[in-house]
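Coordinate inspection notes
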Amino acid sequence: MAGSNQEHEAESWPPAIYHQMPAILEYLEDHRVVVVSAAPGSGKSSVLPRCLAESGYGPVLCAQPRHLAAFVAMAKVGEEWDSDIEFTTTRQLLDRFSSPAPVLAGYGAHEAESWPPAIYHQMPAILEYLEDHRVVVVSAAPGSGKSSVLPRCLAESGYGPVLCAQPRHLAAFVAMAKVGEEWDSDIEFTTTRQLLDRFSSPAPVLAGYGAVVIDEAHDRTLGTDVLLGMVKAALATGTTMGGRCKVVVCTAGGPADGMLSAFFGGAPVVSIPRAAHQVEVRYSRGPVLDMAAIHASQPPGDVLVFLPENADIIGVHARLLGLPVPGLAVRYVHDNLPAELIDIMLINSPVPDGRRRVVLATDVAETAVLVHGITYVVDTGLVSEQPPVRISKEAAAARAAIAGFSGPGRCHRLYQPEEYDDLDEHTIPHIRQDGAAVRFALMVKRHAADGIPGFEIFDPALEPAVLKNVFGQLVNGGYLDKLGNLSDKGEREAYDED
């Protein structure tokens, strides 16, 4: 899906209208009419309608006093927007107003719950930082638009084509579906591992991209840690990425933000909080029992259940279907969800009238993939690892917050307050977990990262001396030959994610 190399035109990109879109959208929340005074070439005729459509004010009807101006604006916007933006002339709009029928009632429906996405308000700051920095860190809560809206804004602002990497296949598929096929020539979605393979190539395979987005960096997978070191090396040497490519590293907040900024030489951090409603937290036991209790006694509202493994989802799904409780529509989300089920389970998940949607999910629904419209969260307090281990307080807060994105909600924790008190404050990065140093070293060798000039390890907990000692262990174990290259055994067992 890689597209053509589009040069960055400083005199027209980003268009001037972008810098005022947050103000325009804010005024529209409280006023029926907003006057925009802008010079020619500012984007008011073509970019403004797209921004309005993307911000939930679609479909948008645009009237020009001249036929030619309407045709030119329509050509600039493109056919892919035909369902969201309509161009007409002043006279034709007058004819519509003359009709006794409310022919304009279908235009401009504003969904205040999720639009405009929070990322819009900070796009001017992100674009300004990108003019002077190769790397910008974007710290944004789930649902802020960093995975789908941010790439579109970058592409429209002259930083296309944009390559976006997710640590999980599912998140990449969902983001790609949200962006839409009309952006295939400007935005490409991939996984962290696939991007690592590109960095391993001696050719400057990323030189044709205007921006690379590394999403979900807070997850701190081993692949992400290796990738960050390779990105820093590529930026320092000018190889692989070329001279114009920018890097945007996205997180959901937390300790990783400061570490990322320091690792990339003081890269600016743009923080984008998401407004959330109050969430009541209760402590209880028994996930299926809670489903029945919520459905029987609570007002309407969808339920998200966090379970540790795919096998748990299958088991709870069967038990829910066997409950003598009518009116439940059960869905599920996990890393291995087939592509053909992603749409019905997650993106466009129709539920018959009067039924309550219950979504069973692993930790992929914490931040990587947002399940919209949730009122109740049931949290088992476990992560999807073998053997099952407890989540951190940071993860518990992220899970509970989902119940408050659409309105006031409730989180049922299936553990006791004293168990919560014993949880770690933050999620332990993969590289600091038992046995991770060996897997990390194998991954470094798999992608030849240690042979790249300037390669650094992102996490200071794994010092170069420690990694060198691990390499020695791998040689003794037969994973590496005496020259430090992967043996057949190492090739078979080299750990890679996604």
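Residues numbered from 1 in each chain as written. Predicted model: local features only at pLDDT ≥ 70, side-chain atom pairs only at ≥ 80, totals over all residues. Heavy atoms only, no water.

Remarks on the overall build of the protein
Helices and strands together make up the secondary structure of the protein, namely 18 helices and 14 strands. When the 498 residues of the protein are sorted by exposure, 50% land in the buried category. Here the contacts in the protein between residues at least 6 apart in sequence split such that 80% fall between residues at least 24 apart. Surface summary for the protein: the accessible area is close to 22600 Å², and the carbon and sulfur share equals 53%. (Helix = DSSP H or I, 4+ residues; strand = E, 2+ residues; numbered from the N terminus. Buried < 20%, exposed > 50% of the residue type's maximum accessible area, 1.4 Å probe, protein only. Contact = heavy atoms within 4.5 Å. Areas by Shrake-Rupley, 256 points an atom, 1.4 Å probe, with all protein chains shown as cover.)

Focus: the packing of aromatic side chains
By the definition in use, this model includes three aromatic pairs. Pairing Phe263 with Phe458 gives two aromatic rings, centres 5.1 Å apart and planes at 85°, and the pair type is edge-to-face. With a gap of 195 residues between them, Phe263 in helix 10 (residues 256–263) and Phe458 in the loop between helix 16 (436–446) and helix 17 (464–476) connect regions that are remote in the sequence. Per residue, the accessibility class of Phe263 equals that of Phe458, and both read buried. (Phe/Tyr/Trp six-rings, centres within 6.5 Å; stacked < 30°, edge-to-face > 60°.)

Examining the environment of Ser392
Note on placement: Ser392 falls in the loop between strand 13 (374–379) and helix 14 (393–401). Considering only alpha carbons, one finds Ser392 and Leu382, ten residues apart in sequence, at a separation of 9.1 Å. Sequence-distant contacts of Ser392, that is, excluding residues within four places in its chain, are made with Leu423, Asp424, Glu425, His426 and Thr427. Engagement of the side chain of Ser392 in a polar contact is seen with the backbone nitrogen of Ala395, the distance being 3.1 Å. (Polar contact = N/O pair within 3.5 Å; in protein donor to acceptor, adjacent residues only side chain to side chain.)

Let's talk about unusual backbone geometry
Looking along the chain, the bond that leaves Gly160 and enters Pro161 is cis, with omega of -10°. Even without glycine at this site, Glu216 takes up a positive phi of about 55°. Of note, Glu216 is situated in the loop between strand 6 (211–214) and helix 9 (222–237). The backbone of Arg220 sits at a positive phi, close to 55°, despite the residue not being glycine. Mapped onto the secondary structure, Arg220 falls in the loop between strand 6 and helix 9. On the basis of relative accessibility, which here comes to 4%, the residue Arg220 falls in the buried class.

A few points about the sheet that holds strand 5 (residues 187–191)
An order of 5-4-6-7-3-8 is seen for the six strands of this open sheet, with the pairing classed as parallel. Lying at the two open borders of the sheet, with one neighbouring strand each, are strand 5 and strand 8 (269–272). Pairs of neighbouring strands in the sheet enclose a mean axial angle of 20°, with direction left out of account. With four bridges connecting them, strand 6 and strand 7 (residues 246–251) associate as parallel partners. Across the sheet, residue Val212 finds its bridge partner in strand 7, namely Val247. Relative to the sheet, helix 6 (residues 149–159) contacts strand 4 (162–166), strand 5, strand 6 and strand 7, its axis offset from that of strand 4 by approximately 160°. (Pairing = 2+ DSSP bridges. Axes fitted to C-alpha atoms, helices over the stretch in contact; angles between N-to-C directions.)

Looking at the nonpolar core
Counting residues in each nonpolar core, the largest one holds 48 residues, and the members touching the most others are Leu260, Phe264 and Phe440. In terms of residue count, the dominant contributor to this core is helix 9 (eight residues). If we ignore the near neighbours within four places in the chain, the residues touching Phe440 are Leu222, Asp225, Val226, Ile431, Ile457, Leu462 and Leu467. Counting 46 residues, the second-largest nonpolar core is a separate cluster that includes Leu48, Ala53, Leu127 and Trp183. (Core = buried A, V, L, I, M, F, W, Y, C linked by side-chain atoms within 4.5 Å.)

As for the pattern of salt bridges
Summed over the entire model, instances satisfying the criterion amount to 16 salt bridges. Between Arg168 and Asp219 there is a salt bridge, with its nearest N and O atoms 3.7 Å apart. Here Arg168, found in the loop between strand 4 and helix 7 (169–179), pairs with Asp219, found in the loop between strand 6 and helix 9; they are 51 residues apart in sequence, far enough to count as distant. According to the relative accessible area criterion, Arg168 is buried, its value standing at 15%. The salt bridge involving Arg399 is made with Asp379; its shortest N-O contact spans 2.6 Å. Taken as a pair, Arg399 in helix 14 and Asp379 in strand 13 lie far apart in primary sequence, 20 residues in all. Here Arg399 and Asp379 have matching classes, each one buried. (Salt bridge = Lys/Arg side-chain N within 4 Å of Asp/Glu carboxyl O.)

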